[in-house]
Amino acid sequence: MNLGPSRPHRRNLTSHGLIYMGGEEQGITVKNISITGLLAELNCNSNDRDIKSIFDSLLVSTVIDLYLPELRLAGEAEVIRVDLKDNHILIALEFKNVTYEVDNLLYKRKAYRKSMPGPGQILLGGKYHEFDAVNVSVEGIMIRIDEKITVEEGIITVFEFKRLDLAGEIKIIWVDPIADSGTLIGLQYVNMKKMAVKGIPRFTPPA
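Quick caveat, the model's predicted, so the values are computed rather than measured. (Residues numbered from 1 in each chain as written. Predicted model: local features only at pLDDT ≥ 70, side-chain atom pairs only at ≥ 80, totals over all residues. Heavy atoms only, no water.)

S.K.: How should I be thinking about the environment of Gln 121 in this particular structure?
M.R.: Positionally, Gln 121 belongs in strand β7 (residues 114-124). Overall, the relative accessible area of 28% leaves Gln 121 in the partly exposed class. Gln 121 sits 24 residues away from Ile 145 along the chain, and the two C-alpha atoms are 9.6 Å apart. Non-local contacts of Gln 121, meaning those with residues more than four positions away in its chain, are made with Tyr 128, His 129, Glu 130, Phe 131, Val 158, Phe 159 and Glu 160. (Helix = DSSP H or I, 4+ residues; strand = E, 2+ residues; numbered from the N terminus. Buried < 20%, exposed > 50% of the residue type's maximum accessible area, 1.4 Å probe, protein only. Contact = heavy atoms within 4.5 Å.)

So this is what it looks like as structure tokens:
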């Protein structure tokens, strides 16, 4: 008898975390998890407004940001199903771009960094250089320039990143040459309100 493709094993557990959906961070309780995704319950009782806001946000994008500090996991997941059960909203998520061991890697930083490629410009050495963004947070941005750049850490310059409509002063925190003749640069916003960085969750790790 052909039973069809097997479903990945799901482990039942109770763990807490955050998702970023519709421009807001929302608490969740994980009900079960597998290597491909999870089922989570929103930490609020449902009402017509909650349900409508969820479906309105999913019309824009079904991919959301996810942070599970207890499981040391963060990244992007796709909403594949939304159910209502006993006045609670259940969301089934499929992992898309996640990072494990975030305590050791991602969360040495102060805030969550979202993978967000896109072009921009930065003023270095008296001229503008084109860059590709690697990831973005509410605190700063990591960029890649496709040439070797020698620049002093700690200087303040100006930049533009159109995908998030960001422009202004930025501080060079670190510079890292890479093997294929490019350069990675870590940048911190200067004189910018954190709320100006829209579409990016903070997901600050617990102290």
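S.K.: Any chance you could explain the pairing of strand β8 (residues 127-136) here in plain terms?
M.R.: Where β7 meets β8, 9 bridges bridge the pair, whose relative direction is antiparallel. When the sheet's bridge partners are listed, Gln 121 is paired in β8 with Glu 130. Sheet topology note: the β8/strand β9 (residues 140-145) ladder contains 4 bridges and is antiparallel. When the bridges of β9 are listed, Asn 135 appears paired with Met 142. (Pairing = 2+ DSSP bridges.)

S.K.: It is not clear to me how the sheet that holds β7 should be interpreted in this structure. Could you clarify?
M.R.: Each strand in a sheet pairs with another by means of backbone hydrogen bonds, the pair being arranged parallel or else antiparallel. Read once around its circumference, the closed barrel built from 6 strands follows the order β7-β8-β9-β12-β11-β10, with strand pairing classed as antiparallel. Sheet twist, expressed as the average angle between the axes of neighbouring strands with direction ignored, equals 45°. Where strand β11 (residues 166-177) lies against strand β12 (residues 183-189), 7 bridges are found, and the strand directions are antiparallel. Paired with Pro 177 across the bridge in β12 is Thr 183. (Axes fitted to C-alpha atoms, helices over the stretch in contact; angles between N-to-C directions.)

S.K.: Got a minute to help me understand the pattern of salt bridges in this structure?
M.R.: Note on pairing: side chains with opposite charge can pair once their charged atoms come close. Per the stated rule, a full pass over the model turns up 9 salt bridges. Across the salt bridge formed by Glu 41 and Lys 31, the nearest N and O atoms sit 3.9 Å from each other. With Glu 41 in strand β3 (residues 37-45) and Lys 31 in strand β2 (residues 24-33), this residue pair connects regions lying 10 residues apart in the sequence. Between Asp 83 and Arg 81 there is a salt bridge whose closest N-O contact spans 2.8 Å. Assessed through its relative accessible area of 32%, Asp 83 is described here as partly exposed. You can call Arg 81 partly exposed: its relative accessible area is 41%. (Salt bridge = Lys/Arg side-chain N within 4 Å of Asp/Glu carboxyl O.)

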